[in-house]
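Below, each chain spelled out in residue letters.
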Amino acid sequence: MIPIKTPAELQRMRASNRIAAEVLRATVAQVRPGVTTAELGEFAAIEMKRRGARSAFLGYRGFPGHICVSVNEEVVHGIPGPRVIHVGDIVSLDVGVVFEGFVGDTATTVAVGVTDADALRLIATAEQALKEAISQAKAGGRLSDISHAVERVATEAGFGVVRDFVGHGIGRRMHEEPQIPNFGPPGRGPTLEPGMTLAIEPMLTMGDWRVRVAADGWTVVTVDGRLSVHVEHTIAIHDNEPEVLTLALP
Ligand code: MG
């Protein structure tokens, strides 16, 4: 069963997801040549603590970082560590927090002095795919309408869609039902209902969509070693337009 949040639970989802968005935005501002991914993780941990939140990722199935930082060919689940960010890198930051019992989850990809037109187009396409997927998140629609929107935008642009990792329902736990693939035909799966909260997270690749887990047991990388981009928002379904919960206040 897909959990339906009460109005009170939705309020708490707004709070946790806003914190995730604020922490992500603050951490994005720290991304520059010379910074290590460990420094980004430590910065994010402080930003979470300042807001009374804790990492949803730290300790999850043994994950050792406060956030995920995935550079270039790394798709998702990069562990903050000694890797240094250089000019020309694309850096995915994924922030998950727990605040008063509810989880917030959001990710974005930052280009660090990138001039490669295809790399920039890959990022723009992932953002467009997320936007179009969110626009499909309406009561009365079907779950796979969201999935199909991502695949359509990516495919039309000539990029790959990662199969092995998917979006998810979210609430008191980081991963609730349903799983939300980023591919597939429309009009399938559960009917979307008001009160569902979903983390939608396109993962696109420049080349082949196949991925593998690196020797650290966590970091997901493209098999062909080419670039990958990951973006994510958590949304709530309402009768009309979806509500994006992971927007930081100005
Ligand atoms: Mg997620």
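Summarised in this report is the structure supplied together with it. Keep in mind that what you see is a predicted model, and the values were worked out from it rather than measured.

Cut-offs and rules
Residues numbered from 1 in each chain as written. Predicted model: local features only at pLDDT ≥ 70, side-chain atom pairs only at ≥ 80, totals over all residues. Heavy atoms only, no water. Pairing = 2+ DSSP bridges. Helix = DSSP H or I, 4+ residues; strand = E, 2+ residues; numbered from the N terminus. Contact = heavy atoms within 4.5 Å. Axes fitted to C-alpha atoms, helices over the stretch in contact; angles between N-to-C directions. Salt bridge = Lys/Arg side-chain N within 4 Å of Asp/Glu carboxyl O. Buried < 20%, exposed > 50% of the residue type's maximum accessible area, 1.4 Å probe, protein only. Phe/Tyr/Trp six-rings, centres within 6.5 Å; stacked < 30°, edge-to-face > 60°. Lys NZ or Arg CZ within 6 Å of the ring centre and 35° of its normal. Donors = N, O, S within 2.8 Å, 3.2 Å for Na, K, Ca; no water. Core = buried A, V, L, I, M, F, W, Y, C linked by side-chain atoms within 4.5 Å. Expected span 1.5 Å × (residues − 1).

Quick word on the sheet that holds strand β14 (residues 233–236)
Argument step 1. Spatial ordering of the open sheet is given by β8-β7-β9-β14-β15, a layout of 5 strands whose pairing is antiparallel. With partners counted over all chains shown, the strands left at the sheet margins are β8 (176–180) and β15 (243–244), one partner each.
Argument step 2. Sheet analysis places strand β7 (residues 167–169) next to β8, joined by 3 bridges and oriented antiparallel. Looking across to β8, one finds that G167 is bridged to I180.
Argument step 3. Strand contacts of helix α4 (residues 143–156): β8 and β9 (197–200), with the helix running at about 40 degrees to β8, the strand carrying the most contacts.

Description of the sheet that holds strand β3 (residues 74–76)
Argument step 1. Here we have 3 strands laid out as an open sheet, ordered β3-β12-β11, and antiparallel in their pairing. Taken across any chain shown, the strands that pair with only one partner, and hence form the sheet edges, are β3 and β11 (211–213). For this sheet the average axis-to-axis angle between neighbouring strands, irrespective of direction, equals 40 degrees.
Argument step 2. Examined bridge by bridge, β11 and strand β12 (residues 220–222) share 3 bridges and lie antiparallel to one another. Across the sheet, residue V213 finds its bridge partner in β12, namely V220.

Overview of the pattern of salt bridges
Argument step 1. Tallying each qualifying case throughout the model produces 12 salt bridges.
Argument step 2. Measuring nitrogen to oxygen at the nearest pair gives 3.2 Å for the salt bridge that ties E47 to R50. Taken as a pair, E47 and R50 lie in helix α2 (residues 37–50) at a separation of 3 residues, close to a single helical turn.
Argument step 3. For R50, a relative accessible area of 60% translates into the label exposed.
Argument step 4. With a closest N to O distance of 3.8 Å, D118 and R121 form a salt bridge.

Re unusual backbone geometry
Most peptide bonds take the trans configuration, and most residues that are not glycine carry a negative phi.
Argument step 1. Residue P178 is bonded to the preceding E177 through a cis peptide linkage, with omega at 0 degrees.
Argument step 2. Tracing the backbone through its elements, the reader meets P178 in strand β8.
Argument step 3. Even without glycine at this site, H77 takes up a positive phi of about 65 degrees.
Argument step 4. By the secondary structure assignment, H77 is in the loop between β3 and β4 (90–99).

Section: the packing of aromatic side chains
Where two aromatic rings form a pair, the distance of their centres and the angle of their planes describe that pair.
Argument step 1. Considering all chains together, one arrives at 1 aromatic pair under this definition.
Argument step 2. Ring plane angle 90 degrees and centroid distance 5.0 Å describe the contact between F63 and W218, whose orientation is recorded as edge-to-face. A residue pair is termed long-range when its members are at least 10 positions apart, and F63 in the loop between β1 (54–55) and β2 (68–71) and W218 in the loop between β11 and β12 qualify at 155 residues.
Argument step 3. The ring of W209 has R163 lying over it, and the distance from NZ or CZ to the ring centre is 5.1 Å.

Some remarks on the coordination of the magnesium ion
Angles at a metal have ideal values that depend on geometry: 109.5 degrees with four tetrahedral donors, 90 or 180 degrees with six octahedral donors.
Argument step 1. Taken together, D105 (OD), H168 (NE2), E201 (OE) and E232 (OE) make up the protein donors of the magnesium ion, found 2.2 to 2.4 Å from the metal.
Argument step 2. Residue E201 is classed as buried on the basis of its relative accessible area of 8%.

A few points about the nonpolar core
Argument step 1. One finds I146, L198 and I200 to be the most contacted residues of the largest nonpolar core, which totals 31 residues.
Argument step 2. Among the elements of the structure, α3 (117–135), α4 and β9 are those that each provide at least two residues to this core.
Argument step 3. With 8 residues, α3 is the largest single contributor of residues to this core.
Argument step 4. Every residue in contact with L198, bar those within four places of it in the chain, is listed here: I146, H168, G169, I170, P178, I180, L192, H233, T234, I235 and I237.
Argument step 5. Residues L24, M48, I67 and I85 belong to the second largest nonpolar core, which totals 21 residues.

Details of helix α1 (residues 7–28)
Argument step 1. In a regular helix each residue adds 1.5 Å, so 22 residues correspond to 32 Å; α1 covers 31 Å between its end C-alpha atoms and thus fits that length.
Argument step 2. Among all positions of α1, only E9, L10, M13, S16, N17, I19, A20, A21, V23, L24, A26 and T27 are buried.
Argument step 3. Those residues of α1 hidden inside the fold are in contact with α2, β4, β5 (102–111), β9 and β14.

Some thoughts on the environment of I146
Argument step 1. Mapped onto the elements of the fold, I146 is located in helix α4.
Argument step 2. Every residue in contact with I146, bar those within four places of it in the chain, is listed here: A133, Q136, A137, I180, L192, L198 and I200.

In short, the description is geometric, and any link to function would need to be established separately.
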